[in-house]
Amino acid sequence: MQHRRPILSLLSILIILVAATTLLEYCRPGETDAAKNNEAKATYVGDASCQGCHAKEHALWSGSDHFRAMMPANDSTVLGDFNNASFTADGVTSRFFRKDGHYFINTEGPDGANHDYEVLHTFGYKPLQQYLVAFPGGRMQVPRVSWDVVKRKWFHQYAGQKIDHHDWLHWSRGGQNWNTMCASCHSTNLQKNYAPEADSFHTTWSTITVSCESCHGPASKHVDFAKSGGYRKGEKPEHGYLLPVKDSLNTTMINTCAPCHARKSDIGQTALHTGEIMDDLIPEIPTTEHFHADGQVNDEDYIYTSFLQSKMYRRNVQCSNCHDPHSGKRLLMGNALCLQCHAKTYDDFQHQRHDVARVQIGCESCHMPGKLYMGNDLRHDHGFRVPRPDQSVKYGTPNACNSCHKDKKASWAAEAVVKWFGPTRKPHFSDDLIPGSELNAQSEAHLTKLFSDTAIPAIVKAAATDYLRQIPTRGSLSVLLGALRDEDAQVRYRALRSLVNFPSASWIDAVGPMLQDKARAVRIAAADAFSQVDPQQIPAAYSAPLSKARMELTTYLGDQLDFPVGNVMLADHYLKQNDLFNAERYYRRGLRMDSMMNYARFNLSSLLNVQRKNDEALKVLQDAERTDPKSERVQYNLALLYAEMKDDKQASACFAKAVSLGSRDPRLYYNYGLFLQQARKGAEAEKVLLKGYALAPDDAEINYALAVFYLQAGQVSKAMPYASALKRLEPDDPNYQALFKQMGI
């Protein structure tokens, strides 16, 4: 009997990218009647049409940052010093000057040399102002040097980062491209209008800045109705022929603000406004990709994902309870804002534990710690959480106490909290989310627990479903299948994205109905999941809805090509269809746009490997190694390819390096263990397999490899625990039946 499975080929670890991790835009088929009534028939008329009846609101807006989000560059809008000022940062000297009444920046361009660039528009107002310059192909770019409005000086947003002019993150390239990265939230009715064939833009807007119609929708029908005297007659059309921005639930207002105050992926260039946010955008979730393990903000969040974690959100607090929606300013200053709802006792020493006469501190200091972004923009975490220095001690997560008391240890802060408030902390989802994020033997239990409590925020459950994709057990599968029935579309969407890591036979019947889900993002994810299923295995009942959902998927993918990762997504799609020509074409197109995008190289090398072009595949992975020499994934892929090319010396070195770099991928340890067995290095193979088992004790292949290893060594008693675990994990898998029979289980 042949027990040993072969070492996986490079193709078998192909990384399939998902839209959840990128800032992308989707297609727009299938509008609802409500959306058509409010958008398709109405047109944009400009803020001047609103001023006559809404003078107060218009005046407040005219003094807001929204009003100044983007403006033509002129004497009244440009705040920076363009009087032959200069600034040097990270090896680049920039000069700012005026000529013939126009504003110019002389700085390093895409060829590494300095050039004069005319400033066409201002971008933002405070605490920093940026400037837009024109590039070929309808592009506008945002130079990295910005004006600090408060300190009145030029500064580099990312001090200490010397970015090569070839890099996608260089200001002249895609990372700082206005059309794709910034424009939709700084203008009204922005249409990107990207032409993939010409690789060019013809971007348009109705109003250059964030105007009334950005939130209320196109207003022509509303204005016509008002002019006709409809309101004087007592007629009350639903929402006054405008989009609803507020009702008894906070979700309507939050969803109005979210398109620009969330880190998210857009679904279509024009929102449908159906009331289901996952018809219009896919918000980021509080995983460690962009957040700390406890859900606190780390990378730029733009508030939404933090706020959805909070008790404020669950208690129906909405944006306008704290911020004037037209001026954008706080309604009240200091703790008075919080005391609108909270008892006065929260404003005394027994709660604050700080002498406010001596120390400048407020509610936000402890419950909304801030972080600087873009160099000088302080933004507060809207999770409104209680500081947990005890978690800092245990897990290394940040806490508000030590953000001020930087000279003290987290243990000092934790002891102070115990002294003041006792040894017991109220339960919080982070008690399970943090250990769940560690993806070790205990993580599954913690993540599963989050689904047993109805008080856990849906966006936290969505994060838990994302983590579970990396724990391929029956328990995780059961939770993910249950998550498909969650009332929140964000949870359903993330569950679908995670289920593709499990055998399709285990989820095909549960995912089929999701092709007709009410949320467009969920339908697209379901169609994408079916892309990896053998057409012969798809029940006939799903044929029609799958065809319709695939149209949405295909349109969506075709609309992403101005993003490097959008090209990789389309390439992945072609690869699933076995269209290798177009798959390679779009992998390479994506890499031309962003040479740092190694996950495109992983997929491209796998594709070349399938075509037996291993020399080309090796070159691609060597490029990946030069791009990121400390990536364990690069070393693992190289090891697999070298093993297939019969270069055992190089394969062994790359396997070992992947382990030394701290890989937690059980597939690595499985394949490395088999490689060592084949090299007759049994003792080393045993150590590697046991290390993999320690990382993933419920991984079927690790248990299988250990059972076979000990059987072949004549150590039946040592083999039994792993064989028994395999029987528990995969009792019906035909690949393991011979082993079960030999072990008598």
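Before reading on, note that the structure itself is shown above.
Anyway, here's the lowdown on the structure attached to this text.

For the rest of this paragraph, the subject is the overall build of the protein chain. In terms of regular secondary structure, the protein chain is built from 33 helices and 15 strands. Its C-alpha radius of gyration of 28 Å places the protein chain within 12% of the 27 Å reference for a compact globule of 745 residues. A principal-axis box enclosing the C-alpha atoms of the protein chain has dimensions of 90 × 65 × 60 Å. Burial status across the protein chain gives 50% buried among its 745 residues. The contacts of the protein chain with a sequence gap of at least 6 include a subset with a gap of at least 24, amounting to 57%. Total accessible area computed for the protein chain in this model is approximately 35000 Å², and 52% of it derives from carbon and sulfur atoms. Positive and negative side-chain charges in the protein chain, numbering 84 and 83 respectively, have mean positions lying 3 Å apart.

A word on the environment of alanine 653. Relative to the helices and strands, alanine 653 is located in helix α28 (residues 648–660). Alanine 653 gets classed as partly exposed once you look at its relative accessible area, which sits at 43%. Separated by 443 residues in sequence, alanine 653 and valine 210 place their C-alpha atoms 56 Å apart.

Along the chain, lysine 126 connects to proline 127 via a cis peptide bond; the corresponding omega equals 5°. When you line up the elements, proline 127 lands in the loop between β5 (114–123) and β6 (128–135). Non-glycine residue asparagine 84 carries a positive phi angle of around 60°. Within the fold, asparagine 84 resides in the loop between β1 (70–72) and β2 (85–89). A positive phi angle is found at aspartate 90, which is not glycine, with a value near 55°. Mapped onto the secondary structure, aspartate 90 falls in the loop between β2 and β3 (92–99).

Here helix α25 (residues 598–610) contains 13 residues, and its C-alpha end-to-end distance of 19 Å stays within 8% of the 18 Å for a straight helix at 1.5 Å per residue. With respect to burial, α25 is a largely interior element, 11 of its 13 residues being buried. Considered for burial, the residues of α25 that qualify are Asn598, Ala600, Arg601, Phe602, Asn603, Leu604, Ser605, Ser606, Leu607, Leu608 and Asn609. Just past α25, the residue arginine 612 takes up positive phi, approximately 60°.

Bringing the packing of aromatic side chains into the picture now. Throughout the structure, instances matching the rule amount to 30 aromatic pairs. Note on phenylalanine 82 and tyrosine 103: the rings are 5.2 Å apart at their centroids and 80° apart in plane angle, and the pair reads as edge-to-face. Placement of the pair is phenylalanine 82 in the loop between β1 and β2 and tyrosine 103 in strand β4 (residues 102–108), with a sequence separation of 21 residues. Each member of the pair, phenylalanine 82 as well as tyrosine 103, carries the same accessibility label: buried. Among the aromatic residues, those joined into a ring-pair cluster are Phe82, Phe96, Tyr103, Tyr131, Trp147 and Trp154. Taking NZ or CZ as reference, arginine 353 lies 5.7 Å from the ring centre of phenylalanine 421, over its face.

This next bit is on the pattern of salt bridges. Under the defined criterion, the tally for this structure stands at 24 salt bridges. Residues arginine 379 and glutamate 300 are paired through a salt bridge, measuring 2.7 Å at the closest nitrogen-oxygen approach. Of this pair, arginine 379 sits in strand β15 (residues 377–380) while glutamate 300 sits in the loop between β13 (281–283) and α8 (304–307), placing them 79 residues apart in sequence. For aspartate 347, the salt bridge goes to lysine 344, with nearest N and O atoms at 3.8 Å. Overall, aspartate 347 belongs to the partly exposed group, its relative accessible area being 26%.

Reading the values: the criteria
Residues numbered from 1 in each chain as written. Predicted model: local features only at pLDDT ≥ 70, side-chain atom pairs only at ≥ 80, totals over all residues. Heavy atoms only, no water. Helix = DSSP H or I, 4+ residues; strand = E, 2+ residues; numbered from the N terminus. Rg over C-alpha atoms; globule rule 2.2 N^0.38 Å. Buried < 20%, exposed > 50% of the residue type's maximum accessible area, 1.4 Å probe, protein only. Contact = heavy atoms within 4.5 Å. Areas by Shrake-Rupley, 256 points an atom, 1.4 Å probe, with all protein chains shown as cover. Lys, Arg positive; Asp, Glu negative; His and termini not counted. Charge placed at Lys NZ, Arg CZ, Asp CG, Glu CD. Expected span 1.5 Å × (residues − 1). Phe/Tyr/Trp six-rings, centres within 6.5 Å; stacked < 30°, edge-to-face > 60°. Lys NZ or Arg CZ within 6 Å of the ring centre and 35° of its normal. Salt bridge = Lys/Arg side-chain N within 4 Å of Asp/Glu carboxyl O.

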